[in-house]
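Descriptive analysis of the structure
Now for the letters of each chain:
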Amino acid sequence: MDLQAVALQELSLPAVLDAVSTFCLTDMGKLATRQLTPHTSLSEAQHALDLVADAIGLLTTGDGIPLEHFPDIHSLLSRSRIVGNFLTAPELLNVHEAMVASRILRRYLASQADAAPSLHELSTRLIDDKVIEKHLTDAIDDTGLVRDTASRELLSIRRDIHSLEQRLRSRIQHLMKKFGEDELLQDEFVTQREGRFVLPLLVQNKNAVNGIIHGVSQSGQTVFLEPAETFELNNELSIMRGREQREIINILTTLTAEIGGISKQLDDAALVLVEVDCILARARYALEFGGVKPVLTEHTDVELDKVRHPLLLHQARHNWDVTASTIPLAQAQQNVVPLSVRIDSVHRGILISGPNAGGKTVAMKTMGLSLAMAYAGIFPLGSCTAPIRRLYTSIGDHQSIDANLSTFSSQIIRLRDILSETDSEALVLIDEICAGTDPAEGGALAAGILDSLLERGSSFVVTTHQSSLKQYALTHDRITNASLAFDDEKMVPTFRFLYGVPGNSYAFDLARTVGLPDIVITRGKQYLGDRHDELETSIAVMQRYREEAEKLKLEAAREHATVIAVRKDYEERSAKLKAQRSTSIQEAKQQAAEILAKANALIENTIREVREQQKAANDIKRTFEQAKTELVAGDKDDASLQAEPVSPQFAVDDTVRIIDTATSGTITAIDERGHAVVDVHGITMRVALDKLEIVQQAKAPTSKKQEPRTGATLVTRPTDDYHADRGTKPPSQTMPVSLTLDLRGQRAEEALKQLEQFVDAAVVRGAPFLSIIHGKGTGVLREVVHQFLERQSSIRSFRLGSIPEGGDGITIVEL
């Protein structure tokens, strides 16, 4: 007995594979998917997962992988290797279809070396031979018939056949007219039987015409007779058709030989096509049900976080039918309680206890099935970090009357076989261990089995109702108790996994809820000892304390998150103030240096005038004092400007920059409320004048002036050489920071990271509008971008672009 194959059956992996196979395009892909088994090598399992991750990336960020339905050609390739054998024209068309699929996929994967490196490696095994493809299409048409032009000989033969048929039809038409006048015919039409032209005669007239009868109608009223006058022509036509068939066979044999010459490469390419079909099915399954790429390591710890049982989620979303209407994934996930558990080098075993129908077996199966899926290259429905482990199970009732096995004996035999194979790389799952015998002896035997597993270095997950095993786990430092939460008020399970807390069986309470008489329950409790009551009470108290501790932990986590957010805000504000202070100091130093330079220039100029010019001392002193006064007045003016900035004179066609940003544009209009309409690279925005600074003024007109609208003198000037819409700039101006982000071809995770950085940078610089290019494609990336934008408080609105802006492939954002 293959114990690991039995384990996969008991964990319901075949049912999961059936669900995954529904996403395949071909029957070969479905068969390959159903035959998936867990990899025993870490590198092989990791490679299988990397292939699926690459496929998910291509499916979510691009227009999809170009793989359509393709036929199964393995048997055809085997026949093509036989010398002198030939494939029929339709069979050769199937080979051609597979070759086209291989060529298209090869060229696509070859271009995805960066986005999908693992899938890119498969492209080298695909075939790309357009020469043979052309030979096939030149010889065979889309209906599967050999073309007249497949060879010169065939073209000549078919022309002769056509000419001969015309002569034969003309002769038959003449005879039909003659026999029609004699009322010998059943119908006036020409037909063929066994490739020979015949006439339909009334059965009673079959002896009236000399010829050969080739058949009788189903009604028996018509005979199909070949007149003697057409024997020679029909014989000649049969000979010509024989020549045609021989030439067709020659053509097909030649084409088959070409296929046979590359049959090995084609065979490998066909395997890759099936493999990619299987990979895409696993990728679509992960996208459909929220699969998460597992992390396979060489460490001994097994950690599952918020994993859900696949079959329960299938049922919640599709009612076991992936072709039926579905409910949203998030809603379906809420209907299936997730499981989080950890098996490490310290705690090698988990003992799950609790009431019947409380979810113990499902929890244990969820652990084993999630690991089996990860090892088989399928993303489990939750986070999974684990090493490669061999899985062994003893789940369900294996009693057999024919084999004279009871429930207990069949389980013991299974456990015997498991113990003979287990080591440090084994994970054993046992349901209701030693439950079919005396509780005291069964508990003791179970403890001995678990000790033996620990001695071999194996990990295990075991379910039980036995109180002695709960106490055993409490006293064993390498085994931890666990249970499924139970609402003891409503007497219903909640299916929440409680790590570190044993569970009560609630046998008497459940018996009461199903209507067992109270007198029976009362009498039954009398047979329980005080120690049992103490144990059950202690377990209930532990569960209550555990729930209270989890609530406190959750509240603490929320408060911690709030503190982190406040601290981050403080640090950002502090950094901004420091940057502003540094900028102010630098500006003050620069201004002082300019004042000093002007003063030195004034002194030097005065000394030069004294030396070079013959001026009176009073004149020189008067000139010096006047220049000094202007310098001091200019300094005061600069100080007043810094204290209370005076609005500059703005005019239409001025080139301006939005203060505190690198965004530049051209003023197209100014309103009476102190706002300007600015054209930035074709995007029009309305900005307050006090938020603008002039980069370059338009040239002043000679004849027209515009009346000021904001209280300052605003002059209309013609547009200079700088236009934001053309992207030109004066030599002294730097190019503005890009307001456009191109996310096309990126994965959702990478795109979100880049989008977040882009929006943050734009907010810091005070940009008013942004353009985000995500492409059209399937719309997945556009949806990811819009969901991100909806959550940002710094964004006022966003919309899809107009047709000139890029339509559905671009989103315009207003900050």
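Residues numbered from 1 in each chain as written. Predicted model: local features only at pLDDT ≥ 70, side-chain atom pairs only at ≥ 80, totals over all residues. Heavy atoms only, no water.

**Considering the overall build of the protein chain**
Put simply, the test is: What counts as a helix is a DSSP run of H or I of at least four residues, what counts as a strand is a run of E of at least two, and both are numbered from the N terminus. Accessibility here uses a 1.4 Å probe with only protein chains present; expressed as a share of the type maximum, an area under 20% marks a residue as buried, one over 50% as exposed, and anything in between as partly exposed. The contact criterion used throughout is that any non-hydrogen atoms of two residues lie within 4.5 Å. Exposure was quantified through the Shrake-Rupley algorithm and a 1.4 Å probe, taking into account, for residues, occlusion by the shown protein chains and nothing else.
When its secondary structure is counted, the protein chain shows 23 helices and 23 strands. Put simply, the protein chain has 815 residues, and 42% of those count as buried. In the protein chain, once contacts between residues fewer than 6 apart in sequence are set aside, the share between residues at least 24 apart is 67%. If you sum the accessible surface of the protein chain, you get close to 44,300 Å²; carbon and sulfur atoms cover 51% of it.

**Quick word on the sheet that holds strand E1 (residues 191-193)**
Strands pair in a sheet through their backbones, by hydrogen bonds, and they do so in one of two ways: parallel or antiparallel. Our working definition: Here, strands pair whenever DSSP counts at least two bridges between them. Convention adopted: a line fitted to C-alpha atoms gives each axis, helices being fitted over their contacting stretch, and angles between N-to-C directions are expressed from 0 to 180 degrees.
Taking strand neighbours across the sheet as the criterion, the four strands line up as E1-E2-E4-E3 in an open arrangement whose pairing is antiparallel. Edge strands, defined here as strands with exactly one partner in the open sheet, are E1 and strand E3 (211-216). The sheet shows a mean angle of 50° between the axes of neighbouring strands, taken without regard to direction. Of the strands in this sheet, E1, strand E2 (196-202), E3 and strand E4 (222-227) touch helix H10 (residues 231-261), which is tilted by about 140° from E2.

**Re the confidence of the model for the protein chain**
Defined as follows: The quantity called pLDDT is the predictor's confidence in a given residue, expressed from 0 to 100.
In the predicted model, the protein chain carries a mean pLDDT of 81, and 83% of its residues have values of at least 70. Between residues 639-646, whose pLDDT stays under 50, and residues either more than four places distant or in other chains, the model counts four contacts. The model gives residues 702-737 a pLDDT under 50, and that stretch makes 77 contacts with residues more than four places away or in other chains.

**A closer look at the packing of helix H1 (residues 3-10) against helix H15 (residues 407-419)**
Let me state the cut-off plainly: Here roughly perpendicular refers to angles of 65 to 115 degrees, roughly parallel to angles under 35, roughly antiparallel to angles over 145, and oblique to all remaining angles.
Viewed as axis vectors pointing N to C, H1 and H15 meet at an angle of 125°, and their least axial separation amounts to 11 Å. Between H1 and H15, the angle falls in the class oblique. Residues Leu3, Val6 and Glu10 of H1 form the contact with H15, whose own contacting residues are Arg414, Asp417 and Ile418.

**Here's the deal with the environment of Ala139**
Inspection of the secondary structure assignment puts Ala139 in helix H8 (residues 130-139). For Ala139, a relative accessible area of 5% translates into the label buried. Put simply, Ala139 and Ile248 are 109 residues apart on the chain and 9.7 Å apart in space, counted from C-alpha to C-alpha. Those residues in contact with Ala139 that lie beyond four places of it in its chain are Leu145, Val146, Arg147, Ala150, Ile251 and Leu255.

**Examining the sheet that holds strand E7 (residues 339-343)**
Ordered by their spatial adjacency, four strands build an open sheet running E5-E9-E6-E7, and the pairing between neighbours is mixed. Looking along the sheet, the strands with just one partner apiece sit at the ends: strand E5 (295-296) and E7. Relative to strand E9 (residues 383-386), strand E6 (residues 302-307) runs antiparallel, the two being bridged by three bridges. Note that in E9 the partner of Leu304 across the bridge is Cys384. Across the sheet, helix H14 (residues 360-375) is in contact with E5, E6, E7 and E9; its angle to E6 comes to roughly 105°.

**A closer look at the pattern of salt bridges**
It is possible for side chains of opposite charge to pair when their charged atoms get near one another. Stated precisely, the cut-off is as follows: Salt bridges are defined as contacts in which a side-chain nitrogen from Lys or Arg sits within 4 Å of a carboxyl oxygen from Asp or Glu.
Summed over the entire model, instances satisfying the criterion amount to 27 salt bridges. Between Asp18 and Arg34 there is a salt bridge whose closest N-O contact spans 3.2 Å. Placement of the pair is Asp18 in helix H2 (residues 13-21) and Arg34 in helix H3 (residues 27-34), with a sequence separation of 16 residues. Arg34 gets classed as partly exposed once you look at its relative accessible area, which sits at 43%. Note that Arg79 and Glu91 form a salt bridge whose closest N and O atoms lie 2.9 Å from each other. With Arg79 in helix H5 (residues 74-80) and Glu91 in helix H6 (residues 89-110), this pair connects stretches of sequence that are 12 residues apart. Several salt bridges share partner residues, and in doing so they unite Asp301, Glu303, Arg342 and Asp344 into one network.

**Regarding the pairing of strand E11 (residues 426-430)**
Burial analysis of E11 places five of its five residues in the buried class, which makes it a mostly covered element. Both faces of E11 are covered, namely the face carrying Ala426, Val428 and Ile430 and the face carrying Leu427 and Leu429. Bridge count for strand E10 (residues 390-394) against E11 is five bridges, and the pairing is parallel. Paired with Arg390 across the two strands is Ala426, which belongs to E11. When E11 meets strand E12 (residues 459-464), the two strands line up parallel, connected through four bridges. Each residue of the ladder has a partner; that of Ile430, found in E12, is Val462.

**Observations concerning the packing of aromatic side chains**
Definition in use: Each pair of aromatic rings taken from Phe, Tyr and Trp, with Trp reduced to its six-membered ring, is defined by centres within 6.5 Å and is described as stacked if the planes are under 30 degrees apart, edge-to-face if over 60, and tilted in the remaining cases.
This model, assessed by the stated rule, comprises two aromatic pairs. Plain terms: the ring middles of Phe23 and Tyr285 are 6.3 Å apart, the flat faces sit at 75° to each other, and that makes the pair edge-to-face. Of this pair, Phe23 sits in the loop between H2 and H3 while Tyr285 sits in helix H11 (residues 263-289), placing them 262 residues apart in sequence. Note on Tyr285 and Phe289: the rings are 5.0 Å apart at their centroids and 45° apart in plane angle, and the pair reads as tilted. Here Tyr285 and its partner Phe289 are both found in helix H11, four residues apart, which amounts to about one turn of the helix. Taking the relative accessible area as the measure of exposure, Phe289 reaches 1% and is therefore buried. A connected cluster of aromatic rings, assembled from ring pairs, spans Phe23, Tyr285 and Phe289.

**Quick notes on unusual backbone geometry**
If a residue is not glycine, its phi is most likely negative; likewise, a peptide bond is most likely trans. In this structure, Lys306 takes a positive phi of about 55° despite not being glycine. Within the secondary structure, Lys306 sits in strand E6. We note that Glu432 has phi near 50°; this positive angle belongs to a residue other than glycine. Tracing the backbone through its elements, the reader meets Glu432 in the loop between E11 and helix H16 (439-455). Relative accessible area serves as the criterion here: at 21%, Glu432 is assigned to the partly exposed category.

**Some details on the packing of helix H22 (residues 748-765) against helix H23 (residues 780-790)**
Let me state the cut-off plainly: Less than a right angle of anticlockwise turn of the near helix away from the far helix marks a crossing as left-handed, whereas a clockwise turn marks it as right-handed. The classification used treats Ala, Val, Leu, Ile, Met, Phe, Trp, Tyr, Cys and Pro as nonpolar, Asp, Glu, Lys and Arg as charged, and all other residues, Gly among them, as polar.
With their axes 10 Å apart at the nearest point, H22 and H23 run at an angle of 40° to one another. By the angle between their axes, H22 is oblique relative to H23. Handedness of the crossing formed by H22 with H23: right-handed. In this structure, H22 contributes Ala748, Ala751, Leu752, Leu755, Glu756 and Val759 to the contact, and H23 contributes Leu781, Val784, Val785 and Phe788. By residue class, the composition of the contact of H22 with H23 is nine nonpolar, no polar and one charged.

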